[in-house]
Amino acid sequence: NGIAYIPLARPWLKTVEAVENSAWGTANVDTFTLEVEFAASAVSPTMEAHALASVYSRDLGSIYEVHENTVSYSASGLQEMPTLPRSLGDLSALHLDSSVVTACDVEVDQNLYMQVTNLNVYQGMIKWFALRSPQALYTHFEFQMRDLLSEGLPITFSKDYRIKPTLSGAGTVVFVSETVNTPIQKSAATN
């Protein structure tokens, strides 16, 4: 009774290069600001910040960014979200905050990249392979499910990528995307 996942590879093995390349180096950064937003219902919130730092100096390279986009849909069935933010990197994960999502397609340059029609099986794979616990009322898509930096969804040079959720009814969907970005290169390119 249930679902059995049989690993034919060892998905929990990670590369040192991926860990090192995603670290937030500050050697080429003049200031570093951490901005935190507390819920409006928080009463007298406080915060302490702690960090694990390396004695080795490195420049800021690739970092993970989180973006949130909200869309209200007036009908059920296959819908579309074509305006997720671009980055100088890959889409590592996508989280759909909604109780009406029943399936989802992901297309890159009009080619089907991922099609999830059985959310229970896919969420179980995320739990088993990625060792992440799916949250209630969210649908999670882990493009780096095996924790390999190289397995992100390649959107940097794509002309078009679209998220196409199937909905059981009208409702609002909050799209929370995690992208790997290189902000220093981005700011240099825009100057």
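Conventions adopted
Residues numbered from 1 in each chain as written. Predicted model: local features only at pLDDT ≥ 70, side-chain atom pairs only at ≥ 80, totals over all residues. Heavy atoms only, no water. Pairing = 2+ DSSP bridges. Helix = DSSP H or I, 4+ residues; strand = E, 2+ residues; numbered from the N terminus. Core = buried A, V, L, I, M, F, W, Y, C linked by side-chain atoms within 4.5 Å. Buried < 20%, exposed > 50% of the residue type's maximum accessible area, 1.4 Å probe, protein only. 1 Å grid on protein atoms, 1.4 Å probe; cavity = no way out; pocket = protein on both sides within 12 Å on 5 of 7 lines; lining within 4 Å. Points joined across faces, edges and corners; volume = space filled by probe spheres on them. Nonpolar A, V, L, I, M, F, W, Y, C, P; charged D, E, K, R; others polar. Salt bridge = Lys/Arg side-chain N within 4 Å of Asp/Glu carboxyl O. Patch = residues over 30% accessible without salt bridge, like charges linked within 9 Å, V, L, I, M, F, W, Y side chains within 5 Å. Areas by Shrake-Rupley, 256 points an atom, 1.4 Å probe, with all protein chains shown as cover. pLDDT = per-residue confidence, 0-100. Contact = heavy atoms within 4.5 Å. Polar contact = N/O pair within 3.5 Å; in protein donor to acceptor, adjacent residues only side chain to side chain.

## Quick word on the sheet that holds strand S5 (residues 111-116)
Strands sit in the order S2-S8-S4-S5 across an open sheet of 4 strands; the sheet is antiparallel. In this open sheet, the two edge strands, each paired with only one partner strand, are strand S2 (77-78) and S5. Both S2 and strand S8 (residues 161-167) contribute to a ladder of 2 bridges, which runs antiparallel. Bridged to Gly77 within S8 is Leu167.

## Here we look at the nonpolar core
Leu94, Leu96, Phe141, Phe143, Ile163 and Phe175 are the most contacted members of the largest nonpolar core, which has 29 residues in total. Elements that contribute at least two residues to this core include exactly strand S1 (63-73), strand S3 (90-97), strand S4 (101-108), S5, helix H2 (119-129), S8 and strand S9 (171-181).

## Structural notes on the layout of surface pockets
Volume-wise, the largest pocket comes out at about 350 Å³. Residue lining of the largest pocket: 17 residues in total, with Trp24, Gly25, Leu52, Ala53 and Ser54 positioned closest to the centre. Looking at the lining of the largest pocket residue by residue, the classes come out as 10 nonpolar, 5 polar and 2 charged. What lines the second largest pocket is a set of 14 residues, and nearest its centre among them are Tyr64, Gln144, Asp147, Leu148 and Leu149. When contributions to the lining of the second largest pocket are tallied by element, the ones reaching two or more residues are helix H1 (16-21) and S3. Taken together, the residues that form the lining of the second largest pocket break down as 6 nonpolar, 3 polar and 5 charged.

## Here we look at the pattern of salt bridges
In this structure the tally under the stated criterion is 5 salt bridges. Across the salt bridge formed by Arg146 and Glu151, the nearest N and O atoms sit 2.2 Å from each other. When its relative accessible area of 32% is taken as the criterion, Arg146 is described as partly exposed. What makes Glu151 partly exposed here is its relative accessible area of 22%. Linked by salt bridges that have partners in common, Glu80, Asp160 and Arg162 make up one network.

## A few points about a nonpolar patch on the surface
A contiguous nonpolar patch, built from Trp24, Phe32, Leu34, Val36, Phe38 and Met47 and spanning about 630 Å² of accessible area, is present on the exposed surface. Assignment of secondary structure puts Trp24 in the loop between H1 and S1. By relative accessible area, which is 45% here, Trp24 ends up partly exposed.

## What to know about the confidence of the model for the protein chain
In this model, the protein chain carries an average pLDDT of 83, and 88% of its residues clear a pLDDT of 70 or more. Per-element confidence in the protein chain ranges from a low mean pLDDT of 57 for helix H3 (residues 183-190) to a high of 96 for S2.

## Some points on H2
Residues Leu119, Tyr122, Gln123, Gly124, Ile126 and Phe129 constitute the buried set of H2. Those residues of H2 that are buried are in contact with S4, S5 and strand S6 (138-142). Capping the start of H2 is the job of one residue whose side-chain oxygen sits 3.2 Å from the backbone nitrogen of Asn120: Asn118. Where H2 ends, the next residue or the one after it, Leu131, has phi of about 55°, a positive value.

## A short note on unusual backbone geometry
Phi is positive for Gln110, which is not a glycine, with a value near 65°. By the element assignment, Gln110 lies in the loop between S4 and S5. On the accessibility criterion, Gln110 (68% relative accessible area) is exposed. At Leu137, a position not held by glycine, the phi torsion is positive, near 70°. Its location among the elements puts Leu137 in the loop between H2 and S6.

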